[in-house]
Amino acid sequence: MQADLLQALSTLLSVQHMLYLLGGTLLGLVVGILPGLGGIAALSVLLPFVYGGDPTLVLPMIIGLLSVTNTSDTFPAVLVGIPGTSSAQATILDGYPLAQRGEAARALGAAFSASLIGGLFGALMLTLAIQFARPLILAVGFGEQLMLVVLALTMVGMLTGASAIKGIVMCGMGLLFGSMGAAPATAEERLTFGLIYLEDGVPLVIVGLAMFAIPEMVEVLRKRTTISSIPELGAGTMQGFRETLKHKWLVLRSSVIGVVIGALPGLGGSVTNWVAYGHAMQTAKDRSMFGKGDIRGVIGPEASNNADNGGALIPTLMFGIPGSGSMALFLGALVLIGIEPGIGMMERHLDLTFIIIWSLAIANVLGAGICLFLAKPISRITLVPFALVAPFMIVIVYFAAFQATRAWEDLIALFVLGLFGMYMKRFGWSRPAFLIGFVLSLRLDASVYQSIQVYGSSFLERGGVQVMLVLIVISIFLAARMKGRREPPPAESAHTPANKTPQALFLGLLIAASLYVLYDAWQLSFLGKVFPVTVALITLALLVATVALFNRKRPDYVFFDSEHESSGDNRPVHSDLHFQGWVLALLAAIGLFGFILGLFAYITTFLRVIAGVRWYKALAGALGAVAVMSTFGHFLVLEYPTGLLQYLFELPWPLN
Amino acid sequence: MFSRSKVKFDLDKWEPVLLSPQGAVVYTTPAFGISGPQDLAKLKGKSLVFGGQSASSSESRIIMSLELLGLKPKYVWGMNRGPVRLAFERNELNINYDSMPGYLGAASNLVKAGKAVPLYTMGITNNKGVLVRDPNMPNLPHFGEAYESMYGKKPSGPGYDAWQSTNKMMTMLNKGIFLPAGTPKPVLKAWRTAIANVLKDPDFEKEAGKIIEGYPQFVGEEATPIVKDATSFKPEAWAWLKNYFKSQHNVTIE
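Every chain is numbered independently, its residues counted from 1 as its sequence is written. Here chains are named by letter from A upward and ligands by number from 1 upward, in the order in which they appear as written. A pLDDT threshold of at least 70 governs which residues receive local features in this predicted model, and a stricter bar of 80 or more applies before side-chain atom pairs are shown or counted, although totals over entire chains, interfaces and linings include all residues. As a convention, hydrogens and water are excluded, and side-chain values are obtained from all of the structure's heavy atoms.

A short note on the overall build of chain B
As a reminder of what qualifies: Runs of H or I in DSSP of at least four residues are treated as helices and runs of E of at least two as strands, each being numbered from the N terminus. Note on method: radius of gyration uses C-alpha positions; expected globular size equals 2.2 Å times residues raised to 0.38. The buried label applies to any residue whose accessible area, calculated with a 1.4 Å probe on protein chains only, is under 20% of its type's maximum; exposed applies above 50%, and partly exposed to all values in between. For the charge count, each Lys or Arg is scored as positive and each Asp or Glu as negative, with His and the chain ends excluded. The atom standing in for a charge is NZ when the residue is Lys, CZ when it is Arg, CG when it is Asp and CD when it is Glu.
Secondary structure assignment for chain B yields nine helices and 10 strands. Its C-alpha atoms give chain B a radius of gyration of 19 Å, within 12% of the compact-globule value 18 Å for 254 residues. A burial count over chain B gives 52% of its 254 residues as buried. Looking at chain B, you have 31 positive and 23 negative side-chain charges, and the mean spots of the two groups are 5 Å apart.

If you want it as structure tokens, here you go:
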């Protein structure tokens, strides 16, 4: 075993192998920084090129790519409050406020060092797991999987917003939204409105972009502020590094969370970072700074989401069961290079298994090193007015959304859900809870049905299930106690019950949506409707309770309207409708002129009108974007949406 | 294949270029005191649990064979192959199948470790249209033989006819290359000649052995009767199938 381990390292340390590993790592860093483009998108782009390649070269490249997206995704999370990938969502809660205080370097230093340690820990655990994982994973049956999902949902729901009840409601709404498409038990269609596009539900990448990218961009645009007003970031990087070491036990515990959750099928990095965040919060003595720039809120999620990869590789390599979307693609890559995962990875291909482990460790060191080294130059982005960056980012968001299924409906879904996301943000309904509910919906639906089908109600008697139940109760108890002990909100804040009509309307919309789900599910067979009906009823009950709370006269955490936060001179010039219009404008431009011409017209106009740059500069910026997108599309053989113009006339490349 | 309203093509009108079959193996746990195919009858009346994607998916040939054998497992739907095999290892599911590559790659290790016992294969259809043993597991009976060993007579009747058509569709048409109806003859001929030449190429044979696994390959017109058989159900067989899906799985096929 040890001989194999060293043999794999010496193979990997040759120049050629290191170049592949470095290439994968750099690509991973880039896609991690680009919001909306994560390991999944990058790997799907890479897959056609690895076919039939030498496994000892291809594997380091892929692992390099997957290992570091969770490192570099911290840049946009901390600097602009947009997650580079869904694994960095929790990092925003404290990383972004730190950046707004001008302490971005400190947050990044802590994040990258925590990422590094988490990643190495993940690689170590993967090595150990190879000897022990089989009996462990076999102990997690249907019932245990069900309980694990419930645990994740309750923690996320109660902890990610100011109001626990609204958080749980959003978990429910996410579950209902995720139930769209074919029911796992009966393959009956739910909530599809007869549209073929909705038969598999809305793709995750669209929900993620709509919930996080669009509302954040609109908000930053409206406030018209740069992210940091302090040009010099100081030497915070080393301070962040020291803080990671100071909180070494938190790093270790979060890494354990990352490995464990990563190893469990269905719960990927997008869940891990929230659980680690919840854990960092639950175990802290003084929680007052969480959400306002507590460094522990950065360290916990960042350590866990890099450790996640090591964990996720365990079931993927051993049983061929992917723990997450990117692992599913990794599995596809394994097949393309002719490796059958499973017990063979421990026997015939042990050398490749160790190459994977070493690649994971080395890529984490490389990735964190590059990020630490580049932290300062990249932090300077904070000084660029957002209006200059925004049109390009909106284009990238639409671009990423279109790669989901390459259908026009992707763009429409993005816009509609983006609107929903904006109002969720404005009225304080937890978007993470919605996203996690959405991700776990199918899993929960299937595991409820599977547990009951296999065990009946006796699944509750299983030891593992009871352990999980106790954990759930403890978690709810701790969360409730934490929420109960807060000071009441101040009189003049977003929690004031003044002008309640807009938020009451949104509440009404949620109630109407739940009622529609009930109506839609009612016509299905028992197994097809039991999940949506149960979730809809629970959600409705909580919504009714929220309505009752809405009658309160004093400020309460149940109220939230971010419009109350800004008053007088602070008030944004434009209403939120104004920028919704700008987001819609790109959709219209693409619809008329197709992607390339549409983005040209859009970026030019945006830069001229919103950012106020000169015409020729705006044109140059737009031309640059056209050049990049055209080359990108040409070499990677991407399709771009076409518009009315292409429908009427035949156009030459790249306008077609 | 079961006239789903969303599927809008007529397979039997297409021009076949190549049919590449792929078999499947049904196996169970030794927990019921079963040591081989000869003990199949012992499974009757046992509380079996089977996991799969959905009743009307490619698993239909498997669950129909269980039904015809008089085995009544509980069915757990909405599961992919990987999780199913894992749940089988955890003993939460106790009767399962795998396609031949899946079986040879992973499940056969369970058999070696004494955690699984193979029962029968789906067999393949030879060029005379007769069900014969899978060339990858010549020692394991096919479904027809398994039925005979359990009931002492050859299987027959509308249920068996329905199984045969379904099995041809899933096993014999497992992988195929087709050209659209109305493809010009010279184009069709070029495709078929090319495929026939590929199959004859010794280099291809060397590489492909692991993938096509010694299954007979059907080029061009050879494939036509199989496609026709698989896509046309006798009316009684169709009625049986319709009733089976409706009464046992609450799935309506048109």
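Some thoughts on the environment of Thr193 of chain B
Looking at the element boundaries, Thr193 of chain B is found in helix H6 (residues 185-200). Taking C-alpha positions, Thr193 of chain B is 39 Å from Asn96 of chain B, a pair spaced 97 residues apart along the chain.

Quick word on a nonpolar patch on the surface
Residues and elements named next belong to chain A. Defined as follows: Like charges are joined within 9 Å and nonpolar side chains (Val, Leu, Ile, Met, Phe, Trp, Tyr) within 5 Å, but only among residues with over 30% relative accessible area and no salt bridge; these make up the patches. Per-residue and other accessible areas follow the Shrake-Rupley method at a 1.4 Å probe size, with only the shown protein chains counted as cover for residues. Throughout this description, the term salt bridge denotes a Lys or Arg side-chain nitrogen within 4 Å of a carboxyl oxygen of Asp or Glu.
A cluster of nonpolar side chains, namely Leu592, Phe593, Leu644, Tyr647, Leu648 and Phe649, defines an oily patch on the protein surface of about 680 Å² accessible area. Counting residues per element, the ones that place at least two in the nonpolar patch are helix H23 (576-609) and helix H25 (644-648). Of note, Leu648 is situated in helix H25. The exposure class of Leu648 is exposed, given its relative accessible area of 57%.

Overview of the sheet that holds strand E6 (residues 117-121) of chain B
Residues and elements named next belong to chain B. Let me state the cut-off plainly: Strands are treated as partners if at least two bridges between them are detected by DSSP. A fitted line through C-alpha atoms serves as each axis, taken over the contacting stretch for helices, and the angle formed by two N-to-C directions is quoted from 0 to 180°.
The strand order E5-E2-E6 describes an open sheet built from three strands, whose pairing is antiparallel. Here the strands that pair on one side only, and so sit at the sheet edges, are strand E5 (95-99) and E6. In this sheet, adjacent strand axes meet at a mean angle of 30° when their direction is disregarded. Across four bridges, the pairing between strand E2 (residues 24-28) and E6 is antiparallel.

Quick word on the side chain of Thr272 of chain A
Residues and elements named next belong to chain A. This is how the line gets drawn: Here a residue-residue contact requires only that any non-hydrogen atoms of the pair lie within 4.5 Å.
Positionally, Thr272 belongs in helix H13 (residues 269-282). Under the relative-accessibility criterion, Thr272 is labelled buried at 0%. Leaving out residues up to four positions away in the same chain, Thr272 has contacts with Ile257, Gly258, Ile261, Ser304 and Asp308.

Describing a negative patch on the surface
On the surface, Asp201, Asp203, Glu205 and Glu207 of chain B cluster together into a patch of negative charge. Secondary-structure assignment places Asp203 of chain B in helix H7 (residues 202-212).

Brief notes about unusual backbone geometry
The backbone of Leu191 of chain A shows a phi angle near 55°, a positive value even though the residue is not glycine. Looking at the secondary structure, you find Leu191 of chain A in the loop between strand E2 (189-190) and helix H10 (204-223). Leu191 of chain A gets classed as buried once you look at its relative accessible area, which sits at 8%. Although it is not a glycine, Asn91 of chain B sits at a positive phi angle of roughly 70°. Here Asn91 of chain B is to be found in the loop between helix H2 (81-89) and E5.

Brief notes about the confidence of the model for chain A
Residue and element names in this part refer to chain A. Convention followed: A residue's pLDDT is the confidence the predictor assigns to it, expressed on a 0 to 100 scale.
Across chain A, the average pLDDT comes to 82, with 87% of residues at 70 or higher. Put simply, helix H3 (residues 39-50) is where chain A has its lowest mean pLDDT, 62, and helix H21 (residues 501-522) is where it has its highest, 93. Between residues 225-232, whose pLDDT stays under 50, and residues either more than four places distant or in other chains, the model counts 20 contacts.

Let's talk about the interface of chain B and chain A
To be explicit about the condition: Summed over both partners, the accessible area (1.4 Å probe) lost when two parts come together is defined as the buried area.
Residue-level contacts link 20 residues of chain B with 21 residues of chain A. Interface area for chain B against chain A, summed over the two sides, is near 1,800 Å², with a carbon-plus-sulfur share of 55%. The tally of links between chain B and chain A comes to one salt bridge. Between Arg462 of chain A and Glu92 of chain B there is a salt bridge, and its shortest N-O distance comes to 3.7 Å.

Focus: the sheet that holds strand E1 (residues 15-20) of chain B
Residue and element names in this part refer to chain B. Strands sit in the order E9-E1-E10 across an open sheet of three strands; the sheet is antiparallel. Only two strands of the sheet have a single partner each, and these edge strands are strand E9 (175-179) and strand E10 (218-219). Relative to E9, E1 runs antiparallel, the two being bridged by five bridges. Its bridge partner being in E9, Leu18 is matched across the sheet by Ile177. Of the strands in this sheet, E1, E9 and E10 are in contact with H6, which crosses E1 at around 15°.

Concerning the pairing of E5 of chain B
Residue and element names in this part refer to chain B. Most of E5 is tucked away, with four of its five residues classed as buried. Alignment of E2 against E5, held across five bridges, turns out to be antiparallel. In the sheet register, Thr28 faces E5, and the bridge partner there is Ile95.

So, helix H9 (residues 164-178) of chain A
What counts, and what does not: A helix is expected to span 1.5 Å multiplied by its residue count minus one.
For H9 of chain A, which comprises 15 residues, the first-to-last C-alpha distance of 21 Å matches the rise-based estimate of 21 Å (1.5 Å per residue) to within 8%. Among the 15 residues of H9 of chain A, 14 are classified as buried, and the element is accordingly described as predominantly covered.

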